[in-house]
Amino acid sequence: MNLVIDVVEENNKSVVNLSGEIDAYTAPNLKESLLPLTQKEGNTVEVDLGNVNYMDSTGLGVFISALKSTKENGSEMKLVNIQDRVLRLFKITGLDEIMDLNSTIRGVTE
């Protein structure tokens, strides 16, 4: 499966819409698209995971790198519309404690 990455930038906000699977094959492309957005001081990066139905540890690694980049560059990152299956991965690893996660799914809060 592939990962479709669509980035919309407006003022100091970047919305990254993802669709597909984040794994060892697709993670490098995601990292290549995501990290430059986190390197812009004052930028808010909103990553919409609503259409991501699978993610493995390489995907977590991309988001950890992006989080580190936000801290170093004065930007912020939010992950939104996370499906239960993917959200569990963040919770199991404890990353839900250090990342800004909004598990709202299509307007419905858990």
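What you see is a predicted model, and the numbers here were worked out from it, not measured in a lab. (Residues numbered from 1 in each chain as written. Predicted model: local features only at pLDDT ≥ 70, side-chain atom pairs only at ≥ 80, totals over all residues. Heavy atoms only, no water.)

A. Highlighting the packing of helix α1 (residues 27–38) against helix α2 (residues 57–73). The geometry of α1 relative to α2 is characterised by a closest axis approach of 9 Å and an angle of 15° between their N-to-C directions. Classified by the angle between their axes, α1 and α2 sit roughly parallel to one another. When you trace α1 past α2, the crossing you get is right-handed. In this structure, α1 contributes A27, L30, K31, L34, L35 and T38 to the contact, and α2 contributes T58, V62, F63, S65, A66, S69, T70 and N73. Looking at the contact of α1 with α2, its residues break down into seven nonpolar, six polar and one charged. (Axes fitted to C-alpha atoms, helices over the stretch in contact; angles between N-to-C directions. Helix = DSSP H or I, 4+ residues; strand = E, 2+ residues; numbered from the N terminus. Parallel < 35°, antiparallel > 145°, perpendicular 65-115°, else oblique. Left-handed = near helix turned anticlockwise from the far one by under 90°. Contact = heavy atoms within 4.5 Å. Nonpolar A, V, L, I, M, F, W, Y, C, P; charged D, E, K, R; others polar.)

B. Structural context of the packing of aromatic side chains. In this structure the tally under the stated criterion is one aromatic pair. Look at F63 and F90: their rings are 6.2 Å apart centre to centre, the planes differ by 50°, and that puts the pair in the tilted class. One end of the pair, F63, is in helix α2; the other, F90, is in helix α3 (residues 84–93), and 27 residues separate them in sequence. Given the relative accessible area of 0%, F63 is considered buried. (Phe/Tyr/Trp six-rings, centres within 6.5 Å; stacked < 30°, edge-to-face > 60°. Buried < 20%, exposed > 50% of the residue type's maximum accessible area, 1.4 Å probe, protein only.)

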